[in-house]
Amino acid sequence: MLFLILTGVLFNLIAFFIPKRMSDLEIITTTLFSMVLELLVDMYLDVKFDMFGYFTKGVNWGFLIYVFGVYPAINITFLNFFPYNKSLVRKYCYIVGWSVFAVIFELLFIWTKTFYYNGWKLWYSALCYPALYVTLVLFDKYTLYLIKKVQQKTHP
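A quick note: this is a predicted structure, and the numbers were derived from the prediction, not measured.

Procedures and definitions
- Residues numbered from 1 in each chain as written.
- Predicted model: local features only at pLDDT ≥ 70, side-chain atom pairs only at ≥ 80, totals over all residues.
- Heavy atoms only, no water.
- Helix = DSSP H or I, 4+ residues; strand = E, 2+ residues; numbered from the N terminus.
- Expected span 1.5 Å × (residues − 1).
- Buried < 20%, exposed > 50% of the residue type's maximum accessible area, 1.4 Å probe, protein only.
- Contact = heavy atoms within 4.5 Å.
- Lys, Arg positive; Asp, Glu negative; His and termini not counted.
- Salt bridge = Lys/Arg side-chain N within 4 Å of Asp/Glu carboxyl O.
- 1 Å grid on protein atoms, 1.4 Å probe; cavity = no way out; pocket = protein on both sides within 12 Å on 5 of 7 lines; lining within 4 Å.
- Points joined across faces, edges and corners; volume = space filled by probe spheres on them.
- Nonpolar A, V, L, I, M, F, W, Y, C, P; charged D, E, K, R; others polar.
- Patch = residues over 30% accessible without salt bridge, like charges linked within 9 Å, V, L, I, M, F, W, Y side chains within 5 Å.
- Areas by Shrake-Rupley, 256 points an atom, 1.4 Å probe, with all protein chains shown as cover.
- Bend = angle between axes of the 7 residues up to and from the residue.
- Core = buried A, V, L, I, M, F, W, Y, C linked by side-chain atoms within 4.5 Å.
- Phe/Tyr/Trp six-rings, centres within 6.5 Å; stacked < 30°, edge-to-face > 60°.

S.K.: Could you give an account of helix α4 (residues 88-111), with specific residues and numbers?
M.R.: In this model, α4 (24 residues) spans 35 Å end to end at C-alpha, consistent with the 34 Å of a helix rising 1.5 Å per residue. Those residues of α4 that sit buried are Tyr94, Ile95, Trp98, Ser99, Ala102, Val103, Phe105, Glu106 and Phe109. In this structure, the buried residues of α4 make contact with α1 (2-17), α3 (63-80), β2 (115-117) and α5 (122-154). Immediately beyond the C-terminal end of α4, within one or two residues, lies lysine 113, with a positive phi of roughly 65 degrees.

S.K.: Kindly report on the side chain of aspartate 42, identifying the contributing residues and their values.
M.R.: Examined against the element boundaries, aspartate 42 turns out to sit in helix α2 (residues 24-48). Here aspartate 42 is buried and forms no salt bridge, its nearest opposite-charge partner lysine 48 lying at an N-O distance of 15 Å. Residues in contact with aspartate 42, not counting those within four places in the same chain, are Val47, Phe52, Tyr54 and Phe63.

S.K.: Give a description of the layout of surface pockets that names residues and reports values.
M.R.: Think of a ball as big as a water molecule: rolled over the atoms, this probe shows where empty space is left. Taken as a whole, the largest pocket encloses approximately 710 Å³ of empty space. Along the walls of the largest pocket sit 28 residues, with Glu38, Tyr71, Glu106, Tyr129 and Leu132 positioned nearest its centre. Elements represented by at least two residues in the lining of the largest pocket include exactly α2, β1 (52-54), α3, α4 and α5. Looking at the lining of the largest pocket residue by residue, the classes come out as 22 nonpolar, three polar and three charged.

S.K.: I'd love a proper account of a nonpolar patch on the surface, names of residues and values included.
M.R.: On the surface, a cluster of nonpolar side chains totalling about 630 Å² of accessible area is made up of Met1, Ile5, Val9, Leu13, Phe16 and Phe17. Examined against the element boundaries, methionine 1 turns out to sit in the segment before α1.

S.K.: Let's hear about α5: which residues, and what values?
M.R.: Along its 33 residues, α5 runs 48 Å from first to last C-alpha, staying within 8% of the 48 Å computed at 1.5 Å per residue. Of all the bends in α5, the greatest, near 30 degrees, is centred on cysteine 128, and the proline proline 130 appears no more than four residues after it. Of the surrounding elements, those touching the buried residues of α5 are α2, α3, α4 and β2.

S.K.: Can you lay out the nonpolar core for me, pointing to particular residues and giving the numbers?
M.R.: The biggest cluster of nonpolar side chains holds 31 residues, and the ones touching the most others in it are Phe78 and Tyr133. Of all elements in the fold, only α1, α2, β1, α3, α4 and α5 reach the threshold of two or more residues within this core. If we ignore the near neighbours within four places in the chain, the residues touching phenylalanine 78 are Tyr94, Ile95, Trp98, Tyr133, Leu136 and Val137.

S.K.: Provide a residue-level description of the packing of aromatic side chains, including the pertinent values.
M.R.: Here the structure, examined in full by the defined rule, presents 30 aromatic pairs. Plain terms: the ring middles of phenylalanine 52 and phenylalanine 115 are 5.3 Å apart, the flat faces sit at 40 degrees to each other, and that makes the pair tilted. Highlighted residues: phenylalanine 52 in strand β1 and phenylalanine 115 in strand β2, separated in sequence by 63 residues. Judged by relative accessible area, which is 9%, phenylalanine 115 ranks as buried. Residues phenylalanine 78 and tryptophan 98 carry aromatic rings whose centres are separated by 5.6 Å and whose planes lie at 85 degrees to one another, so their mutual orientation is edge-to-face. With phenylalanine 78 in helix α3 and tryptophan 98 in helix α4, this residue pair connects regions lying 20 residues apart in the sequence. The residues phenylalanine 78 and tryptophan 98 share a single accessibility class, namely buried.

Spelled out as structure tokens, the structure:
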């Protein structure tokens, strides 16, 4: 539990102090989107199918540290530095790097027993992380599109 709390504090300090390239609206919309996506995935893969979980089987309060303490900070940091105007290769490398980072931290959370597998495999996660990161980028791009659309309507 201590490792999870320290990780949450560290990631939030990083997310708070990094120079922001994202607007406040982007931050809140992408963060809420990622939290809803996480809760939906957990509802099915954890609660319904019992493939993995946080701390002990079933719903518990400890997973809220992940949902509110770790995932939003990761979302902000990942999207803040995403190389939108760089080559496809650079974007690919960025997503692969973050996916490797996520797999390593998942292993650390397993070792510290704040996360467990019950049928889930680490390689499933390794396959899922790139798709999740691409989904975050696409949602952020959609948010930027909507912001631009509203700005065009209010300032023709």
